[in-house]
Amino acid sequence: MATDYDAPRKTEEELNEDSIEELKTRRNDKNSGKVDEDEAEAAESFELPGADLSHEELTVRVLPQQSDEFTCAGCFLVRHRSQIAEQRANGNAYCYDCAG
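First things first, this report covers the structure right here in the doc.

Parameters at a glance
Residues numbered from 1 in each chain as written. Predicted model: local features only at pLDDT ≥ 70, side-chain atom pairs only at ≥ 80, totals over all residues. Heavy atoms only, no water. Helix = DSSP H or I, 4+ residues; strand = E, 2+ residues; numbered from the N terminus. Contact = heavy atoms within 4.5 Å. Areas by Shrake-Rupley, 256 points an atom, 1.4 Å probe, with all protein chains shown as cover. Buried < 20%, exposed > 50% of the residue type's maximum accessible area, 1.4 Å probe, protein only. Patch = residues over 30% accessible without salt bridge, like charges linked within 9 Å, V, L, I, M, F, W, Y side chains within 5 Å. Salt bridge = Lys/Arg side-chain N within 4 Å of Asp/Glu carboxyl O. Lys, Arg positive; Asp, Glu negative; His and termini not counted. Charge placed at Lys NZ, Arg CZ, Asp CG, Glu CD. Core = buried A, V, L, I, M, F, W, Y, C linked by side-chain atoms within 4.5 Å. Pairing = 2+ DSSP bridges. Disulfide = S-S within 2.5 Å. Polar contact = N/O pair within 3.5 Å; in protein donor to acceptor, adjacent residues only side chain to side chain.

**Here we look at the overall build of the chain**
Then comes step 1: Helix and strand content of the chain: four helices and four strands.
Then comes step 2: Counted over contacts in the chain with a minimum sequence separation of 6, partners at least 24 positions apart contribute 7%.
Then comes step 3: On the chain, roughly 9700 Å² of surface is accessible, and the fraction owed to carbon and sulfur atoms is 50%.

In structure tokens:
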């Protein structure tokens with residue numbers, strides 16, 4: 001909404017003189033421009049998490065663990081060997097995020 005900055009402004013006395021009925025009318029006028037929306041129709045467009053995706057096919061190429069990678073025993077993510085923070089006697093390696 002455009003504001004006319006050159007228009008005369010109301011003083012505090014004029015603002016206090018606004019009647020309750022006038023204020024209620026203004027509030028109702030602001031709400032009258034809203035559009036009612038059918039909730040069921042709006043819900044059809046949303047994709048819910050956990051939806052059945054059995055008919056979808058993923059096309060991701062999976063590579064085996066490379067020689068310069070390790071699987072963290074804490075978070076089970078495959079990481080580069082440069083991220084080994086701790087290697088325990090039982091052979092488990094931990095990344096910097098899990099070693100702390």
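Anyway, onward from the coordinates.
**Section: the environment of C72**
Then comes step 1: Secondary-structure assignment places C72 in the loop between β1 (69-71) and β2 (78-80).
Then comes step 2: Look at C72 and you get buried, because its relative accessible area is 0%.
Then comes step 3: Taking the C-alpha atoms as reference, C72 lies 8.1 Å from C98; in sequence the two are 26 residues apart.
Then comes step 4: Residues within four places of C72 in sequence aside, it is in contact with L77, A93, Y94, C95 and C98.

**Quick word on a negative patch on the surface**
Then comes step 1: Taken together, the side chains of D38, E39, E41 and E44 make up a negatively charged region of the molecular surface.
Then comes step 2: Within the secondary structure, D38 sits in the loop between α2 (20-31) and α3 (39-43).

**Here's the deal with the pattern of salt bridges**
Where charged atoms of side chains with opposite charge meet at close range, the side chains can pair.
Then comes step 1: As enumerated under the stated definition, the model contains two salt bridges in all.
Then comes step 2: Ionic pairing is found between E86 and R88, a salt bridge with its closest N-O pair at 2.7 Å.
Then comes step 3: The exposure class of R88 is partly exposed, given its relative accessible area of 39%.

**What to know about unusual backbone geometry**
Then comes step 1: A positive phi angle, near 60°, is found at F76, a position not held by glycine.
Then comes step 2: On the accessibility criterion, F76 (61% relative accessible area) is exposed.

**Some thoughts on the nonpolar core**
Then comes step 1: Counting five residues, the largest nonpolar core is built from F70, C72, A93, Y94 and C95.
Then comes step 2: Those residues within four positions of A93 in sequence are excluded, and the remaining contacts are F70, T71, C72, A73, I84, E86 and Q87.

**Quick notes on the pairing of strand β3 (residues 84-87)**
Within a regular strand, the side chains alternate between the two sheet faces.
Then comes step 1: Note: β3 against strand β4 (residues 93-95), three bridges, orientation antiparallel. Counterpart to E86 in the pairing with β4 is Y94.
Then comes step 2: Taking the residues between adjacent antiparallel strands as the criterion, β3 and β4 are bridged by five residues, where G91 takes a positive phi near 95°.

**Concerning the state of the cysteines**
Formally, a disulfide is one covalent bond, and it connects the sulfur atom of one cysteine to the sulfur atom of another.
Then comes step 1: As enumerated under the stated definition, the model contains zero disulfides in all.
Then comes step 2: No disulfide involves C75; its sulfur sits 3.7 Å from that of C72, the nearest cysteine.

**Examining the side chain of R79**
Then comes step 1: Structurally, the position occupied by R79 is in strand β2.
Then comes step 2: A polar contact of 3.3 Å, which involves the side chain of R79, links it to the side chain of D97.
Then comes step 3: Sequence-distant contacts of R79, that is, excluding residues within four places in its chain, are made with D68, E69, F70, C95 and D97.

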